[in-house]
Amino acid sequence: MNFWLTSPYFVPTFEANNTNYANMPTPKKIKLRGKTYYRVQYNQPAKGLTSISKLFSSKRDAIDFIEQTEAKYKKNRTVIKSKHRFSELIQHAENNRDKIRTRGDKLFTDDTWKVMVMRWKFLSNEAGFKTVPVKDLTWDLIHARLNVMKEERDWKTASKYRYESDLSVLMNYAERLGWITHNPIGDAKSTDRINTSDQRNRVVSQEEFAQLLKCAEMIAATKSSPTYLTFPMFIRFIWETGCRVGELHKLTFSNIKFLHDDDFGAQVIFLGKTTKNRDEKVTFISKELAQIVRRFKIATNEDRIFVSRYYEPFFDAKRLAGLDEPDERYGETITFHHLRHSFATHLAASGAAFKELKDAGGWKTGKMVDRYLHPTEESVRSALLKRKINL
């Protein structure tokens, strides 16, 4: 090895590649537990390189790391003019399967390839990536949309990670094509991939839901698709019963008992095998919703009530209702699961006891009930007025 590379007086200049890197870190020789290491530290926010600190057993390895980091930074600043969309990338990959390989440079098996392509197309359609230019797919965008899908579809963290991994294969291919500067999945922080709290804070008001429902019904009136036609009934079920999306997708007409009751129109039974906690849940729906369900039952030969995922009509209804943007207080965009959280909060505000809340929502523990309850201005105002009366 060249003496100057190991000399403590050597400072890398990187003149060999004719690049002038100002303010680059210099490997610092340190002793740790009796061994010699070379530390490289980055704290350059202007480059997007912060809080990086790595130890290397040799100065050559440290220098290599600096070169690779700086090269990546320089590459990331390259302007990509390509306007290829995500759907085009999938098509290109399908036509060139032999060029997409595992880390060990082997072809993917037929089964693995089939599942991977299926997931790419699923993300294209359901996550809204289809028309997005590949160069605009940042990690923040990918992470945000996958989180929404994780919440709405009751994915476990492992399921979300599988989609990220398969997407990473496709983005590696895009990088080799020159459609992007680097694979955005590599920008993920370690904290992005752990099962962090999914707590929601936004409460959908009665007025907001009424507007959402009105717009859903207006859109349904112009469509012939079963997905759009049943969507208003779908969100009404969540609003009235607080059920999960996954439970609704497994609900059948045979689990609904129509009533001759002064208060409710039908009893709804979510069987234990269809609920998240595997406990059977019994709830009730209004007469108006029960009439809608009865009409759909007469018009179809299917036993399952809801057979679609409803993400497209939900997006359209939110946009028409002016509810497709994050709120100012919490920065949260309304999802199906926000309707479940709002169900619990409004039920509590109406005076329901804690056990009544627990039973109505199908929660197994009091801790889960607490997680779904959110303070509202009305509830705080009511509590303070009671105190004022007692003074």
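Along each chain, residue indices are assigned from 1 in the same order as the chain's sequence is written. Given that this is a predicted model, residues contribute local features only at a pLDDT of at least 70 and side-chain atom pairs are listed and counted only at 80 or more, while totals for whole chains, interfaces and linings are drawn from all residues. Calculated side-chain values reflect all of the structure's heavy atoms, with hydrogen atoms and water omitted.

Quick notes on the overall build of the chain
This is how the line gets drawn: Every helix listed is a DSSP run of H or I at least four residues long, and every strand listed is a run of E at least two residues long, numbered separately from the N terminus. Working definition: with a 1.4 Å probe on protein chains only, accessible area under 20% of the residue-type maximum means buried, over 50% means exposed, and in between means partly exposed. We call two residues contacting when some pair of their heavy atoms lies within 4.5 Å. Residue burial considers only the protein chains on display, and all accessible areas are found by Shrake-Rupley using a 1.4 Å probe.
A tally of helices and strands in the chain yields 15 helices and 6 strands. The proportion of buried residues among the 391 residues of the chain is 42%. The long-range fraction of contacts in the chain, counting pairs at least 24 apart against all pairs at least 6 apart in sequence, stands at 60%. Roughly 23,100 Å² of accessible area belongs to the chain as shown, and the carbon and sulfur atoms make up 51% of that amount.

Section: the side chain of Arg202
Basically, it comes down to this: In the analysis that follows, any N or O atom pair within 3.5 Å is treated as a polar contact, provided that within protein one partner can donate a hydrogen and the other can accept it, and provided that, for residues neighboring in sequence, both atoms belong to side chains.
Residue position: Arg202 is located in the loop between α6 (157-177) and α7 (206-220). We classify Arg202 as buried; its relative accessible area is 6%. Within the structure, the side chain of Arg202 is placed 2.8 Å from the backbone oxygen of Glu332, a separation counted as a polar contact. With residues near it in sequence (within four places) discarded, Arg202 still touches Glu208, Leu323, Glu325, Pro326, Asp327, Tyr330, Glu332, Thr333, Ile334, His338 and Ser342.

Side note on the environment of Lys287
Note that Lys287 resides in helix α10 (residues 287-299). Take Lys287: its relative accessible area is 43%, and that puts it in the partly exposed class. C-alpha separation for the pair Lys287 and His260, spaced 27 residues apart in sequence, amounts to 9.4 Å. Residues in contact with Lys287, not counting those within four places in the same chain, are Asp261, Asp262, Asp263, Phe264 and Gly265.

Side note on the pattern of salt bridges
Worth spelling out the cut-off: The salt bridge definition used is simple: a Lys or Arg side-chain nitrogen within 4 Å of an Asp or Glu carboxyl oxygen.
Enumeration according to the criterion identifies 14 salt bridges in this entry. For Arg119, the salt bridge is made with Asp166, and the minimal N-O distance between the two is 2.8 Å. Here the residue Arg119 occupies a position in helix α4 (residues 110-126), and Asp166 occupies one in helix α6, the gap between them amounting to 47 residues. Measuring nitrogen to oxygen at the nearest pair gives 2.6 Å for the salt bridge that ties Glu164 to Lys160. Remark: Lys160 and Glu164 occur in helix α6; sequence separation between them is 4 residues, near one turn of the helix. Across the pair, Lys160 and Glu164 agree in class, each one buried. One continuous salt-bridge network, built from bridges that share partners, spans Arg60, Asp64 and Glu67.

Focus on the environment of Leu229
Within the fold, Leu229 resides in helix α8 (residues 226-241). If sequence neighbours within four positions are ignored, Leu229 has contacts with Ala220, Lys223, Ser224 and Phe296.

As for the side chain of Lys160
Assessed through its relative accessible area of 4%, Lys160 is described here as buried. Within the structure, Lys160 has its side chain in polar contact with the side chain of Glu164 (distance 2.6 Å).

Some details on the packing of aromatic side chains
Centre-to-centre distance and the angle between the planes together describe a pair of aromatic rings. Test applied: Here a Phe, Tyr or Trp ring, Trp counted by its six-membered ring, pairs with any other such ring whose centre lies within 6.5 Å, and the pair is stacked when the planes are under 30 degrees apart, edge-to-face when over 60, and tilted otherwise.
Summed over the entire model, instances satisfying the criterion amount to 16 aromatic pairs. A centroid spacing of 5.3 Å and a plane angle of 40° characterise the contact between Phe56 and Phe65, whose relative ring orientation is tilted. With relative accessibility at 15%, the residue Phe56 sits in the buried group. Judged by centre distance (5.7 Å) and plane angle (85°), the rings of Phe237 and Phe306 are edge-to-face. With Phe237 in helix α8 and Phe306 in the loop between α10 and α11 (311-321), the pair connects residues that are 69 residues apart, well separated along the chain. A residue is classified by how much of its surface remains accessible, and Phe306, at 0% relative accessible area, is buried. One aromatic cluster in this structure is built from Phe231, Phe234, Phe237, Phe306, Tyr310, Tyr311, Phe314 and Phe336.

With respect to α11
The set of residues buried in α11 consists of Tyr311, Pro313, Phe314, Asp316, Ala317, Lys318 and Ala321. On its buried side, α11 packs onto α4, α5 (139-152), α7, α8 and α12 (336-349). The positive-phi residue at the C-terminal boundary of α11 is Gly322, with phi of around 75°.

Some remarks on a nonpolar patch on the surface
We count it as follows: Within this analysis, patches are made of residues with over 30% relative accessible area and no salt bridge. Like charges are joined at 9 Å or less; nonpolar side chains (Val, Leu, Ile, Met, Phe, Trp, Tyr) at 5 Å or less.
A cluster of nonpolar side chains, namely Phe264, Val282 and Phe284, defines an oily patch on the protein surface of about 230 Å² accessible area. Tracing the sequence through the fold places Phe284 in strand β6 (residues 281-285). On the basis of relative accessibility, which here comes to 33%, the residue Phe284 falls in the partly exposed class.

Focus: the packing of helix α3 (residues 86-95) against α6
Condition: Comment: axis = line fitted to C-alpha atoms, over the contacting stretch for helices; angle = value between 0 and 180 degrees taken between N-to-C directions. Convention used here: angles under 35 degrees read as roughly parallel, angles over 145 as roughly antiparallel, angles from 65 to 115 as roughly perpendicular, and any remaining angle as oblique.
Closest axis-to-axis distance for the α3/α6 pair is 11 Å, and the angle between their directions is 90°. Here α6 runs roughly perpendicular to α3, going by the angle between their axes. Residues Phe86, Leu89, Ile90, His92 and Ala93 of α3 form the contact with α6, whose own contacting residues are Leu167, Leu170, Met171, Tyr173, Ala174 and Leu177.

Some thoughts on the sheet that holds strand β5 (residues 266-270)
Quick reminder of the rule: Two strands make a pair as long as DSSP finds a minimum of two bridges between them.
The strand order across the open sheet built from 3 strands is β4-β5-β6, with neighbouring strands paired in antiparallel fashion. Strands with a single pairing partner mark the edges of an open sheet, and in this sheet they are β4 (256-258) and β6. Each neighbouring strand pair of the sheet contributes to a mean axis angle of 20°, computed without reference to strand direction. Inspection of the sheet shows β5 paired to β6 by 5 bridges, in the antiparallel sense. Paired with Ile269 across the strands is Val282, a residue of β6.

Some points on α12
For clarity, the cut-off: By definition here, a helix of n residues has an expected span of 1.5 Å times n minus one.
Between its terminal C-alpha atoms α12 stretches 20 Å, which fits the 20 Å expected from 14 residues at 1.5 Å a residue. For α12, every residue scored as buried is listed here: Phe336, His337, His338, Leu339, Arg340, His341, Ser342, Phe343, Ala344 and Thr345. Phi turns positive one or two residues past the end of α12, at Gly351, with a value near 105°.

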